[in-house]
Amino acid sequence: MSELRIDAQMFRDMVVSAANYLEKNKQNLNDLNVFPVPDGDTGTNMMMTLVSAAKEVNACQAQNVGKMVQAFGAGALKGARGNSGVILSQLFRGFSKSVSKEQETLDAQDFARAIEMGVEAAYKAVMKPKEGTILTVAKSMAKEARKQADAGADLLDLIEAVIDAGEKMLQKTPELLPVLKEAGVVDAGGAGLLVIYKGFKMAMDGEEVAEVLDLSLPKQIPASAMQDISTAEIEFGYCTEFFITHTTGVTEESIEHLRDKLLAIGDSLVVVGDPELIKVHVHTNMPGKVLQYALKLGQLSKIKIDNMREQHQSLTGLSPVEEEKPKKQIAVVAVSAGDGLGAIFKDCLVDELVEGGQSMNPSAEDIKKAIERAPSDCVIVLPNNKNIILAAEQAGELTKKTTAVIPSKTFPQGLSAMLSYRGEDASLEENEQAMKEALGGVKSASITKAVRDSHMNGEQILEGEFLGILEGDIVSHGTDMKQTVDALLEQMVTEDDAVISFYSGAEVAEEQARALVDEVAAKYDDLDTELYQGGQPVYHYIISVE
């Protein structure tokens with residue numbers, strides 16, 4: 001019996017199987033994620049990242065595993081959400097870079113090397129790697145993969161040993177990260193990685209996962225449903241498609257050279273095929289130059305050039321002339337959850353908003369699109385949630401624009417940064433420095449509800465209790481909202497403070513919020529107390545003191 005090797009079809013099956021198995025276990029992973037707040041979304045973030053990778057793999061028409069793996073890494077990168085999703089995308093991005101585009105199959109040595117490079121890439125992506133997390137589990141799995149490959153193990157034995165090593169390390173994560181031990185759980189990200197590898201193995205063993213996800217590519221949204229989008233947002237106006245046939249002396253290197261040239265004058269580039277038949281799709285403002293470059297490789301067939309601005313205007317009924325946003329020296333993109341919080345950011349001169357926050361982290365691709373819409377080649381990004389910082393940094397790598405990510409972890413920090421924004425009177429670097437310095441000038445807190453029983457910081461927390469969270473730590477909890485807020489503010493307010501600001505959430509009635517804030521104002525009558533309608537999900541109140 002010949003040794004098992006992973007070809008393109010098997011790799012596709014592995015990715016789909018892993019996505020299906022992760023979907024089945026998503027809620028279990030969310031329930032594990034109790035740090036720092038028992039409202040976790042690790043399973044959701046990892047799921048959305050892997051589904052994005054699976055969609056790219058399903059869309060890939062290549063017959064060799066190399067290009068399939070490249071699509072896998074690219075899809076994970078585009079769909080990365082939250083810290084766990086971004087780290088997962090880096091594991092897969094490193095995995096994909098270890099495999100050449102021309103490679104037909106993967107053997108045990110190839111698979112071990114890919115896991116090792118994934119871990120190397122993930123550790124490089126995290127500025128301060130913390131042991132006891134998905135990184136630790138991944139490193140243990142990579143070490144076992146190398147051991148098995150060097151011992152001559154076949155693929156099935158290797159992956160079984162890798163999963164076993166990962167499970168053993170996962171059980172040790174509470175010893176490496178004390179907060180996990182206190183909560184009585186293992187690391188959710190590490191558990192998610194094991195779910196993925198078990199899904200891989202199911203496909204390799206020929207087993208089926210019961211529940212099947214729809215992993216088809218998303219249907220194109222009709223232009224008639226996007227009437228709020230101006231044609232000014234279409235940076236490259238001509239959709240240009242054709243085949244290159246009857247090629248002479250074309251190599252993979254010359255195809256790559258064509259890709260580089262087309263990327264310099266367009267986007268949405270797809271160059272697929274082989275040296276004998278090449279399909280090109282690109283959005284550009286210079287279709288003639290695209291055809292000129294391609295003619296150097298062979299004859300052109302089935303040429304199609306569409307003016308996308310005219311198509312958009314025809315389908316939406318918009319006027320052919322749209323007012324373009326004035327170009328700025330610097331623009332600002334902010335992540336915001338809730339119409340009220342978004343309106344506040346807009347009042348503070350934020351140019352583009354990205355919907356998202358706790359439990360609804362935007363992907364790197366979502367943030368990248370906002371950066372591209374922003375009316376400047378220099379863009380400042382405010383993530384306003386610690387789980388979105390890595391995705392924001394990743395988005396900066398996906399765009400050609402110059403970006404600066406201000407590592408704001410909360411809405412109050414983001415607002416404080418915007419109030420320190422000096423605009424076009426200062427350089428990007430000067431604005432970045434001023435805004436980063438402003439992050440430490442405000443104390444941020446929030447009120448939410450526990451979604452499960454847990455044990456943290458020596459306290460027993462019951463499902464449904466209100467939680468007072470100060471700078472990421474639970475400092476008060478109970479069944480009474482007013483008492484929870486009082487206990488929280490006692491740890492926030494000092495004699496040097498001047499303002500307490502409340503931002504009420506979507507679940508809070510206006511009269512309830514006003515009554516609470518009036519009581520707080522009476523207690524702290526020497527401070528200004530303000531109430532804003534934030535409209536954010538998850539958090540009943542976001543509170544800042546400064």
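This text follows the structure it describes.
Nothing here was measured: the structure is a model prediction, and the numbers come from that model. (Residues numbered from 1 in each chain as written. Predicted model: local features only at pLDDT ≥ 70, side-chain atom pairs only at ≥ 80, totals over all residues. Heavy atoms only, no water.)

A. How the structure looks around helix α18 (residues 481–490). Of the residues making up α18, those classed as buried are Met-481, Thr-484, Val-485, Asp-486, Leu-488 and Leu-489. At its buried positions, α18 is contacted by β9 (443–449), β12 (466–470), β13 (473–478), β14 (499–505), α19 (510–523) and β16 (541–545). Regarding α18, its N-cap is Asp-480, as a side-chain oxygen of that residue lies 3.1 Å from the backbone nitrogen of Lys-482 further along. (Buried < 20%, exposed > 50% of the residue type's maximum accessible area, 1.4 Å probe, protein only. Helix = DSSP H or I, 4+ residues; strand = E, 2+ residues; numbered from the N terminus. Contact = heavy atoms within 4.5 Å. Polar contact = N/O pair within 3.5 Å; in protein donor to acceptor, adjacent residues only side chain to side chain.)

B. Highlighting the nonpolar core. Counting 85 residues, the largest nonpolar core has Ile-6, Phe-11, Phe-72, Phe-111, Ile-196, Tyr-197 and Ile-367 as its most contacted members. Excluding anything up to four places from it in sequence, Phe-72 contacts Phe-11, Val-15, Leu-50, Ala-53, Val-57, Phe-92 and Phe-200. Formed by 34 residues, the second largest nonpolar core is a distinct cluster that contains Ala-183, Ile-330, Ile-344 and Leu-439. (Core = buried A, V, L, I, M, F, W, Y, C linked by side-chain atoms within 4.5 Å.)

C. Looking closely at the pattern of salt bridges. For the structure shown, the criterion picks out 22 salt bridges. Across the pair Arg-146 and Glu-116 runs a salt bridge whose closest N-O atoms are separated by 3.0 Å. Within this pair, whereas Arg-146 is found in helix α6 (residues 134–150), its partner Glu-116 is found in helix α5 (residues 108–125), the two being separated by 30 residues in sequence. Under the relative-accessibility criterion, Glu-116 is labelled partly exposed at 28%. The partner of Asp-351 in a salt bridge is Lys-328, and the shortest N-O contact between them spans 2.8 Å. Here the residue Asp-351 occupies a position in the loop between α13 (339–347) and β6 (352–355), and Lys-328 occupies one in the loop between α12 (308–316) and β5 (331–336), the gap between them amounting to 23 residues. A network of salt bridges, in which partner residues are shared, links Glu-116, Arg-146 and Asp-150. (Salt bridge = Lys/Arg side-chain N within 4 Å of Asp/Glu carboxyl O.)

D. Region of interest: the sheet that holds β6. One open sheet holds the four strands; their spatial order is β6-β5-β7-β8, and the pairing between them is parallel. What marks the edges here is a single partner per strand, and that holds for β6 and β8 (402–405). Geometrically, the sheet is characterised by an average inter-axis angle of 25 degrees between neighbouring strands, direction not taken into account. Of the pairings in the sheet, the one linking β5 to strand β7 (residues 378–382) comprises four bridges and is parallel in character. Counterpart to Ala-331 in the pairing with β7 is Val-379. In the packing of helix α14 (residues 364–373) onto the sheet, the strands contacted are β5, β6, β7 and β8, and the crossing angle to β6 comes to about 165 degrees. (Pairing = 2+ DSSP bridges. Axes fitted to C-alpha atoms, helices over the stretch in contact; angles between N-to-C directions.)

E. Examining a negative patch on the surface more closely. Among the surface-exposed residues, Glu-3, Asp-154, Asp-157 and Glu-160 lie close enough to one another that they form a single negatively charged patch. Here Asp-154 shows up in the loop between α6 and α7 (155–176). (Patch = residues over 30% accessible without salt bridge, like charges linked within 9 Å, V, L, I, M, F, W, Y side chains within 5 Å. Areas by Shrake-Rupley, 256 points an atom, 1.4 Å probe, with all protein chains shown as cover. Lys, Arg positive; Asp, Glu negative; His and termini not counted. Charge placed at Lys NZ, Arg CZ, Asp CG, Glu CD.)

F. Molecular detail of the packing of α6 against α7. Interhelical geometry of α6 versus α7 gives an angle of 150 degrees and a closest axis separation of 8 Å. In the packing of α6 onto α7, the handedness of the crossing is right-handed. Across the interface between the two elements, Thr-136, Val-137, Ser-140, Met-141, Glu-144, Ala-145, Gln-148 and Ala-149 from α6 touch Leu-158, Ala-161, Val-162, Ala-165, Gly-166, Met-169, Leu-170, Thr-173 and Leu-176 from α7. Looking at the contact of α6 with α7 residue by residue, the class counts come to eleven nonpolar, five polar and one charged. (Left-handed = near helix turned anticlockwise from the far one by under 90°. Nonpolar A, V, L, I, M, F, W, Y, C, P; charged D, E, K, R; others polar.)

G. Looking closely at helix α10 (residues 252–263). Look at α10: 16 Å from first C-alpha to last across twelve residues, which is about the 16 Å you get at 1.5 Å a residue. Taken residue by residue, α10 has Ile-255, Leu-258, Arg-259 and Leu-262 as its buried positions. One side of α10 carries all its buried residues, which in axial view fall inside an arc of 105 degrees. (Expected span 1.5 Å × (residues − 1). Arc of directions from axis to C-beta.)

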